[in-house]
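Here is how the chains run, residue by residue.
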Amino acid sequence: MLVALVGNPNTGKSTVFNALTGMRQHVGNWPGVTVEKKEGTMVVDGKVIRVVDLPGTYSLTAYSIEEVIARNFIIEEKPDVIVHVIDASNLERNLYLLTELLELSPRIVLALNMFDEAKKRYRIDVNKMRDLLGLPVVPMVAIRGEGIDELKYEIIHGKFNPRRVEYPEDIEKRIEILSDKIKQIGLEPARWYAIKTLENDADVLKKLSGMGAKDVLHLAEHLRHDIEDIFGDDIESVMASSRYSFAHGLFHEVAAPINVGGTTITDMIDHVVTHKYLGIPIFIAIMYMSFQFVFLVAAPFQDAIDFFFNGKDVNGVHINGLIDLSYAWMSTFMPDWLASLINHGVLRGLGAVITFLPVIMLLFLILSFLEDSGYLARVAFLMDSIMKKIGLEGRGVIPLMLGFGCNVPAIMATRTLKDETERKLSIALNPFIPCGARIQVFAFLSYIFFPDNAALVLWSLLMLSIVVVFLLGILYSKTLFRGESQPFVLELPPYRIPTLKGVSIHMWEKSEGFLKKAGTIIVGAAIIIWILASLPWGVEYGSEESYIGMLAAVLAPLGVLVGLTPEAIISLFFGFFAKEVVIDVLYVLYGNKGAILASMTPLQAYSFMVFMLFYTPCVATLATVYNETRNIKFLLFVIGEGFLVAFTMAFLVYHIGSLMGVGI
Amino acid sequence: MKNESKIIIAILYSQGLASVSAYFSAAIVSNMITGHTPFFLISFSILSLLPFLYVKKINPRYLLIFSFLTFLLSLGIMVVSHEYIDLSGDVMDAFILLLISILLFASLRDSINLLYSGLSFYLVGIGLLISYSALKIIILLADVFDYYINCIGESCAPYTTGVIPAIVLILLTFPALIPYWHRDLFRREAYDS
């Protein structure tokens, strides 16, 4: 059996080596260099174990001879166990090397040396560290021989189930692409080679060049430039920052500093934004400011686009928009029904899509900004203990938060949850988070029905959704989705000012997805609405005699129970295609804002919004739920729970409000 | 003037900023309930005298001078604000302004002793204040833009608004940035303390 001792300089590695091997050691040089090589043996349970003390190093890059010796030994000699000797009194700094070791070997024992010194600085939760890393962790004071027996025991009998260091998604995708290519030329560990090739590691590049793997090198160069473009920094800094995020996150999870505050800006900000009492109020304030930014800054652009497409009425005189002008022009050379279909169906749908674009783009701009700045990672950290109450790990808050943008990428983002039960729970809860489209409809209705308290009404709906998600999470995690949450390290990247290019790329990637979805589903839905509102031939557009009017009459008795008008029910029906369509349908059915305002009391409007907050998600979200689970029963469950919760909540709001005489 | 003195004056000044922020917060809530800002809210300026409770390391004469100047400044702003400020009707604005003032008040005891633990609250408080104020100014510009977009084809009166709290706060924030520029003078609390 071969054991390698690895660690930063001055961590007491030689003391540990001496304590393990006693007098059975010899000192020489590593081949070809004058770096000292110490080797010895120890006997445990009658087994003779070879122990090699590798040169002290801070990382495993190829910048110094010590680093090259250490990593080549691990790759070439493949030690059975690596003992990572850590100066526990400088825990965070020492954990950086661990992130690199985890990429090379799964069999690592952590020796937390100088534990007595460390206890003066922090309270270290060793058991939590074991759980989070999936590795044996031994607190020790080597100079006094404390912990040596435990270390020997773990070397022989330790259980190794290590967690992988995850890089940001943009990097992980590229590591995967390059790993596949490297596997084809037979280099192992492929992931480590992929990471080092991306990092421009001179030793690895030389090796690949020597093997004639030009296509790998070309691909790596291309991928490296992509990453540098997105993050606006050189590759070495980007990768180092990601590893530091893991080390920083792990440190925050396991060590509580006895004296508060830190020495870097990141430490200082973290001290406050992850504060026990102030962290959540700060989170609420930041999210509220973000939503205000999105909706209020988008408003003039939306109004301008709306005016461009639909024109407007001024003192009873209509100013023509593009749809009116185009319809008048097309009517001169094509049948009226076709001109109406193109303009009142397709072009109106297209107008609706483009009207939403400013909101969607600003929403993703702000979410990308929060993510790239490092704040969203803190939110996951902050919410960890709360999320555990609803059966999810801290990372589960990210898909829920993404749900505020769009439920489709949010449900896809549940892939980051390793546990299948947690993943299904997260998917089941996600539709109750109002997506950007639903928020848009709420904002629209709030401004019509509650002009003085629109933001408050919108905020109350968001809070209501959070309360329902929380209560359902507790219920589900104790009944339908019972399971144990898996420990993991929450990466905490250092704060940075996001680059315009990085934020723009992320914003565009997500907005493009919306445009594609909208371009098909919303325009399609607008055409269907046009057909239902125009047929049978000869009836007035959207009148009671049209199919859409007949549908309203059929569904009316159901709506009475929750205060919904027939027109509101129809708009909810079309909201199944895409939530944004609800506004379009209300416009078609009522004609203008004034008529919408006259059609419902404020209480009915609020009940309508509550119903819409919870009822079945749009068809694209349901398709994603099926894609991610491949389970039709689960899909039906998601639809069913939506209607049940929506009906119950709207019923309660409407009847309690009526009893109290509020908004009637 | 030594950098350390500049930092301490800026921190004393920030307590005035915190009391102004707390005042705007209370004024928004009061404005929503009673329809006007009661004059008693001017008593919030007394909060700017908080350093007298905690600060022991400064010469009492200087503490008195700088705290009294801060008190007068915040009192002046509040009196003028009572007449001219255009308060929003949004309870969340009140919540954010209250949170900012709490962060700044909470920073006092440690930041005056040049400890990171105080600076951390100070920086987040000031950061949140700048973000809030910048956001509100952007929203005001968007609102002006929206007003004129909606006026196309109509004859509208020119857009009018009072001074919003964000403009006052962002102007007052600049002197409070001094501790950030001299953050290297701050230190950790001694381990054995």
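So, the overall build of chain A
Phase 1: In terms of regular secondary structure, chain A is built from 29 helices and eleven strands.
Phase 2: The C-alpha extent of chain A, read off along each of the three principal axes, is 100 × 60 × 45 Å.
Phase 3: Taken over 664 residues, chain A has a buried fraction of 48%.
Phase 4: Nonlocal contacts in chain A, meaning residues at least 24 apart in sequence, comprise 70% of its contacts between residues at least 6 apart.

Describing the overall build of chain B
Phase 1: Counting secondary structure elements, chain B contains seven helices and zero strands.
Phase 2: Listing the helices and strands of chain B from first to last along the sequence gives α-α-α-α-α-α-α.
Phase 3: Seen through its principal axes, chain B has C-alpha atoms that stretch 70 × 35 × 30 Å.
Phase 4: The 193 residues of chain B split such that 42% are buried.
Phase 5: A fraction of 80% describes how many contacts in chain B between residues 6 or more apart in sequence connect residues 24 or more apart.

Side note on the nonpolar core
Phase 1: Counting residues in each nonpolar core, the largest one holds 177 residues, and the members touching the most others are V294(A), L362(A), M609(A) and F611(A).
Phase 2: In this view, F611(A) contacts V562(A), L564(A), L572(A), A646(A) and A650(A); residues no more than four positions away in its chain are not counted.

A closer look at the domain arrangement of chain A
Reports often express the size of an interface as the amount of accessible area lost when the parts come together.
Phase 1: Each assigned domain of chain A is listed with its residue range as follows: domain 1 (2-157), domain 2 (169-259) and domain 3 (282-660).
Phase 2: Distance from the C-alpha centre of domain 1 of chain A to the C-alpha centre of domain 3 of chain A: 54 Å.

Details of the packing of helix α23 (residues 547-560) of chain A against helix α24 (residues 566-575) of chain A
Axis angle and axis distance: for two packed helices, these are the angle between their axes and the distance between the axes, and together they describe the pair.
Residue and element names in this part refer to chain A.
Phase 1: Running from N to C, α23 and α24 cross one another at 105°; their axes reach a closest spacing of 7 Å. The pairing of α23 with α24 is recorded here as roughly perpendicular in orientation. Contacts between α23 and α24 involve I548, L551, A552, A553, L555, A556, L558 and G559 from the first element and P566, E567, A568, I569 and I570 from the second.

Some words on the interface of chain A and chain B
Phase 1: If you look at the interface, chain A gives 33 residues, while chain B gives 32 residues.
Phase 2: Of all the secondary structure elements, the ones that give two or more residues to the side of chain A that touches chain B are α4 (115-121), α12 (265-273), α13 (279-310), β10 (312-314) and α21 (454-478) of chain A.
Phase 3: In terms of residues, the side of chain A that touches chain B owes the most to one element, α13(A), which gives 14 residues.
Phase 4: Of the residues contributing to the side of chain A that touches chain B, the split by class is 22 nonpolar, six polar and five charged.

A look at unusual backbone geometry
Residue and element names in this part refer to chain A.
Phase 1: Geometrically, the link from E188 to P189 is a cis peptide bond, its omega value of -5° lying close to zero.
Phase 2: Following the sequence through the fold, P189 ends up in the loop between α7 (169-184) and α8 (190-198).
Phase 3: For the bond running from L535 to P536, omega is -5°, close enough to zero to count as cis.
Phase 4: Here P536 is to be found in the loop between α22 (500-534) and α23.
Phase 5: For D45, which is not glycine, the phi torsion reads 50° and is therefore positive.
Phase 6: Its location among the elements puts D45 in the loop between β3 (36-44) and β4 (47-53).

Re the pairing of strand β6 (residues 108-113) of chain A
All names here are of chain A.
Phase 1: Counting buried positions along β6 gives six out of six residues, so the element sits mostly inside the fold.
Phase 2: Burial along β6 is two-sided: the residues I108, L110 and L112 and V109, A111 and N113 are all buried.
Phase 3: Here six bridges tie strand β5 (residues 81-87) to β6, and the two strands are oriented parallel to one another. Within β6, the position partnered with D87 by the bridge is N113.
Phase 4: In this view, the connection linking β5 to its parallel neighbour β6 by way of helix α3 (residues 91-104) has right-handed handedness.
Phase 5: Pairing of β6 with strand β8 (residues 137-139) involves three bridges; the strand directions are parallel. Note on β8: the bridge partner recorded for L110 is V137.

Some remarks on α23(A)
Phase 1: Its 14 residues give α23(A) an end-to-end C-alpha distance of 21 Å, which sits within 8% of 20 Å, the value for a rise of 1.5 Å per residue.
Phase 2: Of all the bends found along α23(A), the most pronounced is centred on V554(A) and spans about 40°, while P557(A), a proline, follows it within four residues.

Here we look at the environment of K159(A)
Phase 1: When you line up the elements, K159(A) lands in the loop between α6 (148-157) and α7.
Phase 2: Each C-alpha atom, one on K159(A) and one on L54(A), is 23 Å from the other, the two residues being 105 residues apart in sequence.

A look at the packing of helix α4 (residues 91-111) of chain B against helix α5 (residues 116-150) of chain B
Residues and elements named next belong to chain B.
Phase 1: Relative orientation of the contacting elements α4 and α5 amounts to 155°, with a least axis distance of 7 Å. If you check the angle between α4 and α5, you find them roughly antiparallel. In this structure, α4 meets α5 at a crossing whose hand is left-handed. Of α5, the residues touching α4 (which contributes I96, L99, I100, L103, L104, A106, S107, R109, D110 and S111) are S117, G118, L119, F121, Y122, V124, G125, L128, L129 and Y132.
Phase 2: Grouping the amino acids of the contact of α4 with α5 by side-chain chemistry returns 13 nonpolar, five polar and two charged.

Overview of the environment of L198(A)
All names here are of chain A.
Phase 1: Mapping L198 onto the fold places it in helix α8.
Phase 2: Among the residues examined, L198 registers 24 C-beta atoms within 10 Å and is labelled buried.
Phase 3: Between the C-alpha atoms of L198 and G321, which are 123 residues apart in sequence, the distance is 53 Å.
Phase 4: Those residues in contact with L198 that sit more than four places away from it in its chain are R174, I175, L178, A220, L223, R224 and I235.

What to know about the confidence of the model for chain B
Phase 1: Model confidence for chain B is summarised by a mean pLDDT of 85, while 93% of its residues fall at 70 or above.
Phase 2: The ipTM assigned to the predicted complex is 0.92, against a pTM of 0.72.

Regarding the environment of K13(A)
All names here are of chain A.
Phase 1: Relative to the elements of secondary structure, K13 occurs in helix α1 (residues 13-21).
Phase 2: Assessed through the 26 C-beta atoms surrounding it within 10 Å, K13 is described here as buried.
Phase 3: As for K13 and A111, which are separated by 98 residues in sequence, their C-alpha atoms are 9.5 Å apart.
Phase 4: Every residue in contact with K13, bar those within four places of it in the chain, is listed here: L5, G7, D53, G56 and V85.

Cut-offs applied
- Residues numbered from 1 in each chain as written.
- Chains lettered and ligands numbered in written order.
- Predicted model: local features only at pLDDT ≥ 70, side-chain atom pairs only at ≥ 80, totals over all residues.
- Helix = DSSP H or I, 4+ residues; strand = E, 2+ residues; numbered from the N terminus.
- Buried ≥ 20, exposed ≤ 12 C-beta atoms within 10 Å, placed from the backbone.
- Contact = placed C-beta atoms within 7 Å.
- Core = buried A, V, L, I, M, F, W, Y, C linked by C-beta atoms within 7 Å.
- Domains from an automatic or database assignment.
- Axes fitted to C-alpha atoms, helices over the stretch in contact; angles between N-to-C directions.
- Parallel < 35°, antiparallel > 145°, perpendicular 65-115°, else oblique.
- Nonpolar A, V, L, I, M, F, W, Y, C, P; charged D, E, K, R; others polar.
- Pairing = 2+ DSSP bridges.
- Right-handed = clockwise from strand over helix to strand, strands pointing away.
- Expected span 1.5 Å × (residues − 1).
- Bend = angle between axes of the 7 residues up to and from the residue.
- Left-handed = near helix turned anticlockwise from the far one by under 90°.
- pLDDT = per-residue confidence, 0-100.

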